[in-house]
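Here's the letter readout for the chains.
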Amino acid sequence: MDIYERILGGLFGVACGDALGGTLEFMSEDEIQRKHGYLKDIIGGGCWDLEPGEVTDDTMMTIAVAEGILDNPENPIEDIGNHFIGWYDSSPKDIGNIIRIALSEYKRSDDWTKTAYYAHQTTGGKSAGNGSLMRCLPVALYYSDVKKMLEITASQSLLTHYDRKATDACQFYNLLVYDYLNGKPKVPAIREHIDNYPEYKKVFLMLKNELEPSGYVFDTLICALWCFVNTSSFEEAVCEAANLGGDADTVAAITGGLAGVYYGYDAIPDRWKEKILVKDQLVSIAKRIIVKYRSQG
Ligand SMILES: [Mg+2]
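First, a word on scope: everything that follows refers to the structure included in this document. (Residues numbered from 1 in each chain as written. Predicted model: local features only at pLDDT ≥ 70, side-chain atom pairs only at ≥ 80, totals over all residues. Heavy atoms only, no water.)

## Brief notes about the overall build of the protein
Here's step 1: Each helix and strand in the protein was counted, giving 15 helices and zero strands.
Here's step 2: Taken over the C-alpha trace, the protein has a radius of gyration of 17 Å; the compact-globule value for 297 residues is 19 Å, and the two agree within 12%.
Here's step 3: Considering only C-alpha atoms, the protein reaches an extent of 45 × 45 × 40 Å along its principal axes.
Here's step 4: Classification of the 297 residues of the protein by burial places 60% in the buried group.
Here's step 5: Counted over contacts in the protein with a minimum sequence separation of 6, partners at least 24 positions apart contribute 71%.
Here's step 6: Of the accessible surface of the protein, which amounts to about 11800 Å², a share of 49% is contributed by carbon and sulfur atoms.
Here's step 7: Computed over 29 positive and 43 negative side-chain charges, the separation of the two mean positions in the protein equals 2 Å. (Helix = DSSP H or I, 4+ residues; strand = E, 2+ residues; numbered from the N terminus. Rg over C-alpha atoms; globule rule 2.2 N^0.38 Å. Buried < 20%, exposed > 50% of the residue type's maximum accessible area, 1.4 Å probe, protein only. Contact = heavy atoms within 4.5 Å. Areas by Shrake-Rupley, 256 points an atom, 1.4 Å probe, with all protein chains shown as cover. Lys, Arg positive; Asp, Glu negative; His and termini not counted. Charge placed at Lys NZ, Arg CZ, Asp CG, Glu CD.)

## Some remarks on the nonpolar core
Here's step 1: Among the nonpolar cores identified, the biggest contains 101 residues, and Ile7 and Tyr200 are the most heavily contacted of them.
Here's step 2: Among residues more than four places away in sequence, those in contact with Tyr200 are Ala169, Phe172, Ile194, Val217, Phe218, Leu221, Ile222 and Leu225. (Core = buried A, V, L, I, M, F, W, Y, C linked by side-chain atoms within 4.5 Å.)

## Considerations on the coordination of the magnesium ion
Here's step 1: For the magnesium ion, the protein coordination sphere consists of Thr56 (OG1), Asp57 (OD), Asp58 (OD), Asp94 (OD) and Asp249 (OD), at 2.0 to 2.4 Å.
Here's step 2: Within one chain, the residues donating to the magnesium ion are spaced in sequence as T-D-D-x35-D-x154-D. In this pair, Thr56 sits in the loop between helix 2 (29-36) and helix 3 (57-71) while Asp94 sits in the loop between helix 4 (77-88) and helix 5 (97-109), placing the two residues 38 residues apart along the sequence. Accessibility classification places Thr56 together with Asp94 in one group, the buried group. (Donors = N, O, S within 2.8 Å, 3.2 Å for Na, K, Ca; no water.)

## Some remarks on the packing of helix 9 (residues 164-181) against helix 13 (residues 248-263)
Here's step 1: Contact geometry for helix 9 and helix 13: axes closest at 8 Å, N-to-C directions at 25°. Regarding the angle of helix 9 to helix 13, the classification is roughly parallel. Along its contact with helix 9, which presents Tyr173, Leu176, Val177, Tyr180 and Leu181, the element helix 13 presents Ala253, Ile254, Gly257, Leu258, Val261 and Tyr262.
Here's step 2: Considered class by class, the residues forming the contact of helix 9 with helix 13 number 10 nonpolar, one polar and no charged. (Axes fitted to C-alpha atoms, helices over the stretch in contact; angles between N-to-C directions. Parallel < 35°, antiparallel > 145°, perpendicular 65-115°, else oblique. Nonpolar A, V, L, I, M, F, W, Y, C, P; charged D, E, K, R; others polar.)

Printed below as a string of structure tokens:
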């Protein structure tokens, strides 16, 4: 499969998971069952009163990370931060607690070295949310040098998330994205990297009813990995993730990013891709990323 199809698949994967899961955010599995049965279409609504195909913070911050990298690939962190602030200033509907605190602190202090620790302290040390994981995918799509990729993955997380668990989750996730971008098989890639993140090993032993789709980054990544491993198509993986409810848009966005790179853009249902309101922006980002690969030959 062409690498461009995987890059586009990853970006649309995040957006489709976000738009599908947005309808189900904060619902329990029972509530979803009663109201929607098993949701397989992007219909909008939900607690954010979304338009069908409207995306939330997960996709918009993923776009911000991508734009920051494309502005200044050598040293993108300040630029990524500027794009976060541009998005924050647009008064988004859906903004996570840790990110809201961190970005408002940046507006006050104008100093990125203070923001994540401030949010960590303000939340009583509970800064291991999934908000830096949900946006980190473009780093693995762009950087071919693994060391640089891991360094930027960590520093984009540390703009808002002080906790090491958030950094670890982003790096583990992006190692997988990187491997799938390069055509590695599904489970062997996870098995290869999981030794460095041993707390995640339980994902292979878990039953579906043991998953917790919470905003805690560890729970979120366990859910995403489980849905990806225990299904065999993009649509199945993302539907399983969204229909867990809870932090449904983020769990489904993270699952969609991984599954989109692995299965590729063509494997994402057309009825989903067509609906995404920011689709032109996603295509533009993928085209600008692929320029880098083509110029490297
Ligand atoms: Mg969201």
